[in-house]
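Here's the letter readout for the chains.
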Amino acid sequence: MSESRTDAAPPGGIDYIAQEQSPRFQELKKRQRSFIFPMAIAFLVWYFTFVLLSSFAPAFMATPVWGNINVGLLLGLGQFVTTFAITMTYVSYANRKLDPIAAEIREDLESKESGKKGASS
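*Asks:* Looking at this structure, how should I read the side chain of Gln19?
*Replies:* Mapped onto the elements of the fold, Gln19 is located in helix 1 (residues 16-20). With near-sequence residues (within four places) excluded, Gln19 lies in contact with Phe25, Ile105, Asp108, Leu109 and Lys112.

Next comes the structure, spelled out in structure tokens:
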């Protein structure tokens with residue numbers, strides 16, 4: 001069930017491996033990763049801080065802030081707020097920085113594909 005792989009472009013097709021190695025595609029990956037990895041690390045640190053405080057500092061988490069609202073409840077709700085904030089920030093970042101490059105790459109591939117189809121007709 002092993003499949004032989006060739007690095008050559010399929011006959012009449014686009015060489016997607018070469019496209020993936022192109023400078024523009026590499027720039028797209030670099031920009032995406034430069035946002036995702038630091039944001040993921042920051043969120044995980046925030047999340048595990050909450051979990052560790054819940055486990056090892058219950059007195060601090062039980063500190064009343066207002067009525068029956070305590071620090072633990074506020075930090076727990078903050079997890080949801082942070083998730084939505086990260087999502088909205090990523091969507092904004094993608095719209096501004098990633099989508100234009102992706103559209104350029106897609107248009108280039110579509111023009112190459114339509115050029116191949118037009119030449120074979």
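*Asks:* It is not clear to me how the pattern of salt bridges should be interpreted in this structure. Could you clarify?
*Replies:* Pairing of side chains with opposite charge becomes possible as their charged atoms draw close. By the definition in use, this model includes 4 salt bridges. For the salt bridge of Glu27 with Arg31, the shortest nitrogen-to-oxygen distance reads 2.7 Å. Of this pair, Glu27 and Arg31 are both found in helix 2 (residues 23-56), 4 residues apart, which corresponds to roughly one turn of the helix. Classification of Glu27 by relative accessible area gives partly exposed; the value is 26%. Lys112 is the salt-bridge partner of Asp108, the closest N and O atoms lying 3.4 Å from each other. A residue pair is termed a helical-turn pair when its members lie 3 or 4 positions apart in one helix, as Asp108 and Lys112 do in helix 4 (residues 71-120) at 4 residues.

*Asks:* Please clarify how the packing of aromatic side chains should be interpreted in this entry.
*Replies:* Each pair of aromatic rings is reported with the distance of its centres and the angle of its planes. A full pass over the atoms with the stated rule returns 3 aromatic pairs. Aromatic pair Phe35 and Tyr90: ring centres 5.4 Å apart, planes at 50°, arrangement tilted. With Phe35 in helix 2 and Tyr90 in helix 4, this pair connects stretches of sequence that are 55 residues apart. Between Phe35 and Tyr93 the ring centres are 4.7 Å apart and the planes differ by 20°, which places this aromatic pair in the stacked class. Of this pair, Phe35 sits in helix 2 while Tyr93 sits in helix 4; the two residues are 58 residues apart in sequence, bridging distant segments of the chain. Of the two residues examined, Phe35 and Tyr93, each falls in the buried class. Chaining the aromatic ring pairs together yields one cluster made of Phe35, Tyr90 and Tyr93.

*Asks:* Would you take a moment to explain a nonpolar patch on the surface for this structure?
*Replies:* Residues Leu44, Tyr47, Phe48, Leu52 and Phe56 make up a contiguous nonpolar surface patch of about 560 Å² in total accessible area. Within the element layout of this structure, Leu52 appears in helix 2. Accessibility expressed as a relative area gives 48% for Leu52, which makes it partly exposed.

*Asks:* What is the right way to look at the nonpolar core in this model?
*Replies:* Within soluble globular proteins, side chains that are nonpolar generally end up buried alongside one another. Ile14, Leu28, Phe35, Tyr93, Ala94, Leu98, Ile101, Ile105 and Leu109 form the largest nonpolar core, which has 9 residues in total. Counting residues per element, the ones that place at least two in this core are helix 2 and helix 4. Per-element tally for this core: the top contributor is helix 4, with 6 residues. The residues contacting Ala94, other than those within four sequence positions of it, are Asp99 and Pro100.

*Asks:* Teacher, can you tell me more about the environment of Ile36 here?
*Replies:* Residue position: Ile36 is located in helix 2. Along the chain, Ile36 and Tyr90 lie 54 residues apart, while their C-alpha atoms are 8.2 Å from each other.

Thresholds, definitions, all that
Residues numbered from 1 in each chain as written. Predicted model: local features only at pLDDT ≥ 70, side-chain atom pairs only at ≥ 80, totals over all residues. Heavy atoms only, no water. Helix = DSSP H or I, 4+ residues; strand = E, 2+ residues; numbered from the N terminus. Contact = heavy atoms within 4.5 Å. Salt bridge = Lys/Arg side-chain N within 4 Å of Asp/Glu carboxyl O. Buried < 20%, exposed > 50% of the residue type's maximum accessible area, 1.4 Å probe, protein only. Phe/Tyr/Trp six-rings, centres within 6.5 Å; stacked < 30°, edge-to-face > 60°. Patch = residues over 30% accessible without salt bridge, like charges linked within 9 Å, V, L, I, M, F, W, Y side chains within 5 Å. Areas by Shrake-Rupley, 256 points an atom, 1.4 Å probe, with all protein chains shown as cover. Core = buried A, V, L, I, M, F, W, Y, C linked by side-chain atoms within 4.5 Å.

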